[in-house]
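Each chain, written out:
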Amino acid sequence: MQATNIANPAYFHKVVDCQWACPAHTPVPEYIRLIGQGRYSDAYMINWVSNVFPGILGRVCDRPCEPACRRGRVEENNSKKPEPVAICRLKRVAADFKDDVTARMPAISPPNGKRIACVGAGPASLTVARDLAPLGYEITVFEGEAKAGGFIRSQIPRFRLPEEVIDEETGYILDMGVKFVNNQRVDSMQALLAQNFDAVFVGCGAPRGRELDVPGRAEAAAHIHIGIDWLANVSFGHTTTVAERVIVLGGGNTAMDCCRSARRMGGKDVKVVVRSGFEEMKASPWEKEDAQHEGIPILNYHVPKSVEHVNGKLTGMTFEIVRAEYDAKGRRSLVPTGEPDVLLACDTVLVAIGQENSFPWIERDCGIEFDKWGLPVLGEGTFQSTVPKVFFGGDAAYGPKNIITAVAHGHEAAVSIDRMLSGEDVARRPPPMVNLMSQKMGIHEWSYRNDVSNDIRYAVPWAAAEKALANIKVEVELGFDAATAFKEASRCLNCDVQTVFNRNTCIECDACVDICPMDCITFTANGDEADLRTRLKAPATHTGQDLYVSAELKTNRVMVKDEDVCLHCGLCAERCPTGAWDMQKFLLNTTQAGPRCRDTQPTPAAHIAQPEAA
């Protein structure tokens, strides 16, 4: 193998599994350390720069960072399955315990004369506004509802996300001089373009729920509701009660919100019915667990067959029982088991079987091309449509995802808009800023806490069930207190503090090999990657994480380190008699809109503050 090029910004970024997995690349270990130090406002602002909505995401993020967390792979615990650090809930801690951060919001530059329209006030549009308004752009956000937030406000129940949190975090952006035009839906792209905006960003979401097409659906329509529409009616107070017997169709997070909301609004017999198996459901594991914790059964492998009614009055639904079969390529088919159909009695059905994009307001002759799925044709990574001044992001770009993905889209679209309006190529994406800084304070002392905690993941306290289920606005999760937050933060392995190797000072004494608690360092003859992975002190079987390979040493061997299971404990650096190992904090600053993203003021791709590393 060739020696690892640690000057490549992506190398150590990939080692920080949580940050690599986050669509917005939030520097997770950095803010967790600050929480452990009680510096909640600093932790909040680090979050705010990248993910924009720390208080919101600290409650309802889909948490792509947590399955990637190294703690869940290396923790030794015989009593239960190893679990990642509670990254999402620690984010909420920063939001809950911060001071007033109003004065820490960015200063607003003088107007630059450029006008930008954002369609929809959801997370993608608000991220575009947050990035561009401080640069002097005049931002106008059009929203069909009275308040900003988009699907954050309309589809996430208040027992998961209090309205005051949404008001606060959308307010930080609208207070940057953004013109907020509420209660006004954009019904014509051509009319919007005629207003001579310099750029238009479409962040209107995927507002249409998929329909149920089975016999009896039309006749019993008064008792069957599309899930996202029903949740919006609940959120805005138009729907306040539900019948006692409720069936929720679907296995995604929307279905989980529907069933838990119905349970709080008078539903005594609430069931979730899914076509797939339990493990195949699209809902996040914790969403399914929360529903079951509240006594809501989930019935799997039930395919809707018909809606039963008497003169239009819903009485139940009939389901066919199926099983999953897989072909040689792993493709699944649902095959009838031959068991008798099942009739489930109900008074109301909530249909949450998916969402799709709908752009009836975009005229098909305005120059914006759409693909066969009805999605806009966009430049890869730029979010620019076939009309150069029109950009898309969030669910409107590539279909339904989640809040953090919409935020990431907004950041990238803002870079594209800023570059376009500066006369530069939107397809050229400036590299991030990277820094490596030694954490050495002495031979055996580091500027960060490097003791590995043996604690298992701490549970977040819940409100009492009788209180939580009696009122749909009572927040269920109460959040960590400061003491528990400190203990949970201590479980973080500080994966951004990298083990950096200097071959020039290595004397090949193997002291680092002897002391490594994970056996992840090996000195051996070089070879190709597949061969090397089998010859290490502990075989490196997870090919998703790279090997760290040095240039050839004096004995013609190379140092090979398995990045996958390293605890970043620093024992190798403490034990090394020549300082060939060092612990260096990696900091990635993604390029956002502004002077750094433009060719006219280039920024070096990386600043590496260490001696030759390989």
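Thresholds applied
Residues numbered from 1 in each chain as written. Predicted model: local features only at pLDDT ≥ 70, side-chain atom pairs only at ≥ 80, totals over all residues. Heavy atoms only, no water. Axes fitted to C-alpha atoms, helices over the stretch in contact; angles between N-to-C directions. Helix = DSSP H or I, 4+ residues; strand = E, 2+ residues; numbered from the N terminus. Parallel < 35°, antiparallel > 145°, perpendicular 65-115°, else oblique. Left-handed = near helix turned anticlockwise from the far one by under 90°. Contact = heavy atoms within 4.5 Å. Pairing = 2+ DSSP bridges. pLDDT = per-residue confidence, 0-100. Salt bridge = Lys/Arg side-chain N within 4 Å of Asp/Glu carboxyl O. Buried < 20%, exposed > 50% of the residue type's maximum accessible area, 1.4 Å probe, protein only. 1 Å grid on protein atoms, 1.4 Å probe; cavity = no way out; pocket = protein on both sides within 12 Å on 5 of 7 lines; lining within 4 Å. Points joined across faces, edges and corners; volume = space filled by probe spheres on them. Nonpolar A, V, L, I, M, F, W, Y, C, P; charged D, E, K, R; others polar. Polar contact = N/O pair within 3.5 Å; in protein donor to acceptor, adjacent residues only side chain to side chain. Arc of directions from axis to C-beta. Core = buried A, V, L, I, M, F, W, Y, C linked by side-chain atoms within 4.5 Å.

Student: Kindly report on the packing of helix α14 (residues 253-264) against helix α15 (residues 285-293), identifying the contributing residues and their values.
Tutor: Between α14 and α15, the least distance of the axes is 10 Å, while the angle of their chain directions is 20°. Comparing their axes, α15 and α14 come out roughly parallel. Here α14 and α15 pass one another in a crossing that is left-handed. For the pair α14 and α15, contact is made by Asn-253, Met-256, Cys-259 and Arg-260 and by Glu-287, Lys-288, Asp-290 and Ala-291, respectively.

Student: Pulling in residues and values, what's your account of the sheet that holds strand β22 (residues 547-549)?
Tutor: Pairing is antiparallel across the open sheet formed by three strands, whose spatial order is β21-β23-β22. Lying at the two open borders of the sheet, with one neighbouring strand each, are β21 (521-524) and β22. Shown here is a sheet whose adjacent strand axes are inclined to one another by a mean of 25°, direction ignored. Bridge count between β21 and strand β23 (residues 558-562): four bridges; the pairing is antiparallel. In the sheet register, Phe-523 faces β23, and the bridge partner there is Met-559.

Student: Explain the confidence of the model for the protein chain to me, and be specific about the residues and the numbers.
Tutor: Averaged over every residue, the pLDDT of the protein chain is 92; residues scoring 70 or more account for 97%. Confidence drops under pLDDT 50 across residues 602-614; counting only partners more than four residues distant or on other chains, this segment forms 45 contacts.

Student: Got a sec to walk through the pattern of salt bridges? Specific residues and values, please.
Tutor: If you walk through the whole model with that rule in mind, you get 51 salt bridges. Its salt-bridge partner being Glu-356, residue Arg-208 comes within 3.3 Å of it at the nearest N-O pair. In this pair, Arg-208 sits in strand β5 (residues 208-209) while Glu-356 sits in strand β15 (residues 355-356), placing the two residues 148 residues apart along the sequence. When its relative accessible area of 40% is taken as the criterion, Arg-208 is described as partly exposed. Its relative accessible area of 28% is what places Glu-356 among the partly exposed residues. The network of salt bridges with common partners includes Asp-17, Arg-70, Arg-73 and Asp-564.

Student: I'd love a proper account of the sheet that holds strand β2 (residues 138-142), names of residues and values included.
Tutor: Strand order in the open sheet formed by five strands is β3-β2-β1-β4-β16, with parallel pairing between adjacent strands. The strands lining the two open edges of the sheet, one partner per strand, are β3 (179-181) and β16 (390-392). Direction aside, the axes of adjacent strands within the sheet are offset by 20° on average. In the sheet, β2 pairs with β3 via three bridges, with the strands oriented parallel. Within β3, the position partnered with Phe-142 by the bridge is Val-181. With respect to the sheet, helix α17 (residues 403-421) is in contact with β1 (115-119), β4 (199-202) and β16, its orientation differing from that of β4 by roughly 170°.

Student: Could you give me a rundown of the layout of surface pockets, with the residues and numbers involved?
Tutor: When its volume is computed, the second largest pocket comes out at roughly 820 Å³. Around the second largest pocket, the lining comprises 26 residues; the ones closest to its centre are Arg-63, Glu-83, Trp-286, Glu-289 and Arg-457. Sorting the residues of the lining of the second largest pocket by element identifies α6 (65-68), α7 (71-74) and α15 as the ones contributing at least two each. Class assignment for the residues of the lining of the second largest pocket results in 13 nonpolar, two polar and 11 charged.

Student: So what's going on with the side chain of Thr-522? Which residues, and what values?
Tutor: Tracing the backbone shows Thr-522 in strand β21. Separated by 2.8 Å, the side chain of Thr-522 and the backbone nitrogen of Lys-537 make a polar contact. Once residues lying within four places of it in the same chain are set aside, the contact partners of Thr-522 are Arg-535, Leu-536, Lys-537, Val-558, Met-559 and Val-560.

Student: So, helix α19 (residues 482-489): which residues are in play, and what are the values?
Tutor: Along α19, the positions that sit buried rather than exposed are Thr-484, Ala-485, Glu-488 and Ala-489. For α19, the angular spread of the buried residues around the axis is 135°, confining them to a single face. Among the structural elements, α3 (28-36) and α8 (87-97) are those in contact with the buried residues of α19.

Student: So what's going on with empty space enclosed by the protein? Which residues, and what values?
Tutor: All chains considered together, the criterion is met by seven cavities of 30 Å³ or more. One number sums up the size of the largest cavity: a volume of about 140 Å³. If you go around the largest cavity, you meet 15 residues; those closest to its centre are Arg-59, Arg-89, Arg-160, Asp-290 and Glu-477. Of all the elements in the fold, those that place two or more residues in the lining of the largest cavity are α5 (54-60), α8 and α15. Looking at the lining of the largest cavity, its residues break down into five nonpolar, no polar and 10 charged. One number sums up the size of the second largest cavity: a volume of about 100 Å³. Lining the second largest cavity are 14 residues, and of these Cys-18, Cys-69, Arg-70, Cys-492 and Cys-495 sit closest to its centre. Broken down by secondary-structure element, the contributors of at least two residues to the lining of the second largest cavity are α2 (17-21) and α3. Looking at which element gives the most residues to the lining of the second largest cavity, the answer is α3, with three residues. Tallied by class, residues from the lining of the second largest cavity come to 10 nonpolar, no polar and four charged.

Student: With reference to specific residues and values, describe the nonpolar core.
Tutor: The biggest cluster of nonpolar side chains holds 126 residues, and the ones touching the most others in it are Ile-139, Met-189, Val-200, Phe-392 and Ile-521. Per element, the largest residue contribution to this core is eight residues, and it comes from α17. Contact partners of Phe-392, with chain neighbours within four places excluded, come to Phe-201, Val-202, Phe-359, Ile-362, Ile-368, Pro-376, Leu-378, Phe-383, Ser-385 and Ala-397. Counting 27 residues, the second largest nonpolar core, distinct from the first, contains Trp-230, Leu-231, Cys-259 and Ala-262.

Student: Which residues make up unusual backbone geometry, and what are the values?
Tutor: Despite not being glycine, His-25 has its phi angle at roughly 55°, a positive value. For His-25, the position within the fold is in the loop between α2 and α3. Residue Phe-383 is not a glycine yet carries a positive backbone phi of 65°. Mapping Phe-383 onto the fold places it in the loop between β15 and β16. Phe-383 sits in the buried class, given a relative accessible area of 6%.

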